[in-house]
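# Per-entry structural report
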Amino acid sequence: MFHVLESRIQSAFSDYLKVRYGLDITVVTEQPKQSSFGEIALPIAFQLARELKKAPRVIAQEIIDGVGEIPGVGAMEIAGNGYINVRYDRGAYARMLLEGASHATAARAGKVIVEHTNINPNKAAHIGHLRNAVLGDTFCRLLRAAGYPVEVQNYIDNTGVQVADVVVAFHFLEKKSLDEVKALIAGPRFDYVCWDLYARISSYYKDDPESKKWRAETLHAIEAGHGELSDMGHLVADAIVECHLATMRRLDITYDVLPRESEILHLKFWAQAFEQLKERKAIYFETEGKNKGCWVMPGAAFNDDAEQEDSKVIVRSNGTVTYVGKDIAYQMWKFGLLGKDFFYRILKTYADGHQIWVSTTASDQTAPPFGSASQVFNVIDSRQSYLQDVVVAGLRQLGYNEQADKSIHFSYEMVALSPRTCVELGIELSEEDKKRPYVEVSGRKGLGVKADDLIDKLIETALKEVESRHPESPAEERREVAEQIARGALRYFLLKFTRNTVIAFDFQEALSFTGESGPYVQYAAMRPRKILSKLGERGEALPDFATVLTAEALNRQLIQEDFWQLLLAASKTGATVEKAVNSGEPAHVARYAFQLAQEFSNFYQAHPVLHEEDAEKRALLLWLTKFFGDQLDATLALLGIPSPRYM
RNA sequence: GCGCCCGUAGCUCAGCUGGAUAGAGCGUUUGGCUACGAACCAAAAGGUCGCAUGUUCGAAUCAUGCCGGGCGCACCA
């Protein structure tokens, strides 16, 4: 609601400036430094001072006098050297909130695709993958809240080197047959088995470089798509994808469609893209130098200043296509530029009816129309920004400038480990590493925190707390609450950092349920519900707010500053979502949730709602309680965090 | 060597489309459960915003240069 009034003020000002001074400028608004200055501050007079050659205060006065009445605005005043501070009409504003004035966000046209998770299906997910998935999933929720139709994709590289390596380990190292691998898949934690195996084969390659020929052989078989090695590749990849889906499900993360690399190959997506790239001279055949015999994209295409920047190989001299090439084809498909589509089948249907589709080479199932988006967000680690630049350059070279502009690398920094956590995990550190603020994880070495281990640990920690506080509750229910708290703790922990901050993962910090944490917010969100249910237990009903709390009554009550500030804070959800979507920063919403929780905890402490005797004030307190509870729950939902019924 | 990111309180981080007295959490010290549950609240201490120059009425925020740290720059993904 806050931003509705804010934009109303902005347009009133800009209309006036146009008429009065003939100026067409965008009016910026800010939050005043101190709440006592009002709700909105406009530094517009400073902006105009030079142009109009007048003192800012004089200009500010002219504007205030001229701009006239703005519905919902109570007063405007000049402050400091020429700030214009705007105060809302408290009663009118509260009344708008009370009536639930339609701030229903308008649906926006143009599908947005968000691609996230994208874990190589060859081992268990780790903490870094969780950051990717939680960021991507939360951003999807925010986009939907802002009115965008969203399609969630999780790309599966099921024919790549990493899958091949695990197949090599099973087949050549462990001499396992297909049936033996199937037995392992049926057993517990197949993704953990592969995690160790992947580390083993990686070090084996190092000790015995000759063994790399196994990889080449396996990769070739997988790409050709037949034979035992290929079958095993599919078996492993499909099983690991199931593990990943289950892990993500624990955090309430799901997908619409899983496009797989095997279909990109077999449905000849690349061949189609290759023709376009050649035809439009986006790539050329190199006849000399180190890249002789390859199709390459000139360095100038993706790097404007460096002349000596190396070209990027797209097709190798042996005729196979690189990952970047395949990614260009995939990116073209996302925008509907390829002239080809996958076939699809339903991979699974969840209890709530949500279906996950997966690409396939032939199908008689009718799938929703996937792809053909007008905007694409690729949630990918910042370490891959160079390659993402090449992909976008590919679109541009093909003449798809509009799509290139709408192709966004939603990058984030890695999750490393704090030295203390390394020690806990039994990872040996060099003296040099011990002094560093963080240590990078390595899948190849098998170093890292597995996602499921972390979630288990969080649940265990939460369960202890819940058990000590609610010994009388059924065990099953306590478990459910503990799971919700764990989910809240983890998602909040991963979201509270802005994207370009390296997270030095630390168990102690992640397991903390106090201070700026998910459980703190969940705890605060539980309190309004508790108050309202206590009211019911006393046999009292909620007053009819709409009749008791007239604009006059609200004005009387909201003179009290902390009530007004509280209400104001809780009305900024929409503004926060908008800001987070525009800046691509889910952390803004996480911080907002924490702020709301703080405000309410404060209120809770200061005003015993049910003990209030003055009827009008009591009605206000109850309404604030109700309103806050709803806003807290809604904000948590935006973050994918559940609100436990008790804690 | 080139490119991208980071440097703000003891620690971990917000704030960066320039704007009023630079903010949180943790930790430290102190106080608050006979209240709608203390996973809470209140208070205190704690800052050359890496350094320098510039632009500006005004810089943590923009520009340039330096210093320190991280990550990229494969016919791997």
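Worth saying up front: this structure is predicted, and the values here are computed from it rather than measured. (Residues numbered from 1 in each chain as written. Chains lettered and ligands numbered in written order. Predicted model: local features only at pLDDT ≥ 70, side-chain atom pairs only at ≥ 80, totals over all residues. Heavy atoms only, no water.)

## Considerations on the overall build of chain A
We apply this condition: Where helices and strands are cited, they refer to DSSP runs of H or I of at least four residues and of E of at least two residues respectively, numbered from the N terminus. What the globule rule says is 2.2 Å times the number of residues to the power 0.38, and the radius of gyration is computed from C-alpha atoms. Any two residues whose heavy atoms approach within 4.5 Å are treated as being in contact. Here the accessible surface of atoms and residues is derived via Shrake-Rupley with a 1.4 Å probe, and residues count as covered only by protein chains that are part of the display. Positive charges are assigned to Lys and Arg, negative charges to Asp and Glu, while His and the chain termini are left out of the count. Think of each charge as sitting on NZ of Lys, CZ of Arg, CG of Asp or CD of Glu.
In terms of regular secondary structure, chain A is built from 27 helices and 15 strands. For 647 residues, the compact-globule formula gives about 26 Å, and the C-alpha radius of gyration of chain A, at 29 Å, lands near that figure. By principal-axis analysis of the C-alpha atoms, chain A measures approximately 80 × 70 × 60 Å. A sequence separation of at least 24 residues applies to 74% of the contacts in chain A between residues at least 6 apart. Roughly 28800 Å² of accessible area belongs to chain A as shown, and the carbon and sulfur atoms make up 49% of that amount. Where the 74 positive side-chain charges of chain A centre and where its 88 negative ones centre are 1 Å apart.

## With respect to the packing of helix 6 (residues 161-173) against helix 9 (residues 212-224)
Which entries qualify depends on this criterion: Angles run from 0 to 180 degrees between N-to-C directions of axes, and those axes are lines fitted to C-alpha atoms, restricted for helices to the stretch in contact. Angle categories are assigned with fixed cut-offs, so that under 35 degrees is roughly parallel, over 145 is roughly antiparallel, 65 to 115 is roughly perpendicular, and the rest are oblique. By definition, any crossing whose near helix is turned counterclockwise from its far helix by less than a right angle is left-handed, and any crossing with a clockwise turn is right-handed.
At a minimum axis distance of 9 Å, the contact between helix 6 and helix 9 shows a crossing angle of 115 degrees. Classified by the angle between their axes, helix 6 and helix 9 sit roughly perpendicular to one another. Handedness of the crossing formed by helix 6 with helix 9: right-handed. Residues Val161, Ala164, Asp165, Val167, Val168, Phe172 and Leu173 of helix 6 lie in contact with helix 9, whose contacting residues are Trp214, Arg215, Glu217, Thr218, Leu219 and Ile222.

## Section: the pairing of strand 10 (residues 343-349)
Residues in a regular strand point their side chains to alternate faces of the sheet. Our working definition: We treat two strands as partners when DSSP finds at least two bridges between them.
When strand 10 meets strand 11 (residues 355-360), the two strands line up antiparallel, connected through six bridges. Looking at the pairing, Lys348 lines up with Ile356 of strand 11.

## Re the nonpolar core
Note the threshold: Nonpolar core, defined: a set of buried Ala, Val, Leu, Ile, Met, Phe, Trp, Tyr and Cys residues in which side-chain atoms within 4.5 Å join the residues together. Think of it in three bands: residues with accessible area under 20% of the maximum for their type are buried, residues over 50% are exposed, and the middle band is partly exposed, with areas taken using a 1.4 Å probe on protein chains only.
Residues Ile9, Phe13, Ile63, Tyr93, Phe505 and Trp623 are the most contacted members of the largest nonpolar core, which totals 142 residues. A per-element tally of this core places helix 27 (residues 615-638) first, with 11 residues.

## Focus: the pairing of strand 3 (residues 83-88)
Bridge count between strand 1 (residues 40-42) and strand 3: three bridges; the pairing is antiparallel. Residue pairing for strand 3: Ile40 is matched across the bridge by Val86. The antiparallel pairing of strand 2 (residues 73-79) with strand 3 creates a hairpin that spans three residues between the two strands, and Gly80 there sits at a positive phi of about 55 degrees.

## Section: the layout of surface pockets
Going by this rule: Of the two site types, the cavity is a set of points on a 1 Å grid over the protein atoms alone where a 1.4 Å probe fits but cannot get out, and the pocket is an open set with protein on both sides within 12 Å along at least five of seven lines, each lined by residues with an atom within 4 Å of a point. Grid points are joined across faces, edges and corners, and a volume is the space filled by probe spheres set on the points. Nonpolar residues are Ala, Val, Leu, Ile, Met, Phe, Trp, Tyr, Cys and Pro. Charged residues are Asp, Glu, Lys and Arg, and all others, Gly as well, are polar.
Considering only enclosed or pocket space, the largest pocket measures out at about 1500 Å³ in volume. Along the walls of the largest pocket sit 50 residues, with Asn120, Asp157, Gln162, Tyr323 and Gln384 positioned nearest its centre. Counting only elements with at least two residues in the lining of the largest pocket, the list comes to helix 5 (127-145), helix 6, helix 9, helix 11 (261-266), helix 12 (269-279), helix 13 (323-334) and strand 12 (375-381). Broken down by element, the lining of the largest pocket gets its largest block of residues, four residues, from helix 11. Residue composition of the lining of the largest pocket, grouped by class: 18 nonpolar, 18 polar and 14 charged.

## Focus: the domain arrangement of chain A
The line we're drawing: Delimitation of the domains relies on an automatic or database domain assignment. Note on terms: buried area is the combined drop in 1.4 Å-probe accessible area of two parts once they are placed together, counting the loss on both.
Partitioning chain A into domains gives domain 1 (2-88), domain 2 (110-258), domain 3 (264-408), domain 4 (420-510) and domain 5 (518-638). When each unit is reduced to the centre of its C-alpha atoms, the spacing between domain 4 and domain 5 is 31 Å. Each partner contributes residues to the interface: domain 4 has 10 residues there, and domain 5 has 11 residues. Between domain 4 and domain 5 lies a buried interface of about 880 Å² when both sides are counted; carbon and sulfur atoms form 59% of it. Summed over the three residues of domain 4 that lose the most area to domain 5, namely Tyr492, Leu495 and Arg499, the buried surface amounts to 55% of that side.

## Some details on the side chain of Thr159
Relative to the helices and strands, Thr159 resides in the loop between strand 5 (150-153) and helix 6. The exposure class assigned to Thr159 is buried, which follows from its relative accessible area of 4%. When neighbours within four sequence positions are excluded, Thr159 is seen to be in contact with Leu219, Ile222, Glu261, Ser262 and Leu265.

## Things to note about the packing of aromatic side chains
For clarity, the threshold we go by: In this analysis, rings of Phe, Tyr and Trp, with Trp reduced to its six-membered ring, are considered paired at centre separations within 6.5 Å, and the interplanar angle assigns stacked below 30 degrees, edge-to-face beyond 60, and tilted for intermediate values. Two thresholds decide whether a charge sits over a ring: the Lys NZ or Arg CZ must be within 6 Å of the ring centre and within 35 degrees of the ring normal.
Counted according to the given criterion, the structure contains 29 aromatic pairs. Geometrically, the ring pair formed by Tyr520 and Phe594 is tilted, given 5.2 Å between the ring centres and 55 degrees between the ring planes. Taken together, the residues Tyr520 in helix 21 (residues 518-537) and Phe594 in helix 26 (residues 587-606) connect sequence positions 74 residues apart. Relative accessible area serves as the criterion here: at 14%, Phe594 is assigned to the buried category. Through pairs of rings, three or more aromatic residues link up here, namely Tyr155, Phe269, Tyr330, Trp333, Phe342, Tyr344, Trp357 and Phe370. Here the guanidinium or amino end of Arg189 rests over the ring plane of Tyr192, the centre of that ring lying 4.7 Å away.

## Some thoughts on the sheet that holds strand 7 (residues 284-285)
Read across the sheet, three strands follow the order 7-8-9 without closing on themselves; strand pairing throughout is antiparallel. If you trace the sheet from one side to the other, it starts and ends with strand 7 and strand 9 (312-315), each paired once. The pairing of strand 7 with strand 8 (residues 295-297) spans two bridges and is antiparallel. Within the sheet, the bridge partner assigned to Phe285 lies in strand 8 and is Trp295.

## Quick look at the protein's contact with RNA strand B
Using the following cut-off: By convention in this text, a residue qualifies as near a molecule or strand provided that one of its non-hydrogen atoms is within 4 Å of it. Contacts described as polar in this section are N or O atom pairs within 3.5 Å, which, within protein, must combine one atom able to donate a hydrogen with one able to accept it, while residues neighboring in sequence count only if both atoms come from side chains.
Near RNA strand B there are 67 residues, and of these Tyr83, Arg316, His470, Thr498 and Thr501 occur at the shortest range. The share of sugar and phosphate among atoms of RNA strand B within 4 Å of the protein is 67%. Lys290 is positioned with one of its backbone polar atoms (N or O) 3.1 Å from a base nitrogen of RNA strand B. Here Gly515 contributes a backbone N or O atom positioned 3.4 Å from a phosphate oxygen of RNA strand B. Secondary structure elements with two or more residues in the surface near RNA strand B: strand 3, helix 14 (385-397), helix 18 (451-469), helix 21 and helix 26. It is helix 26 that contributes the most residues to the surface near RNA strand B, eight residues altogether.

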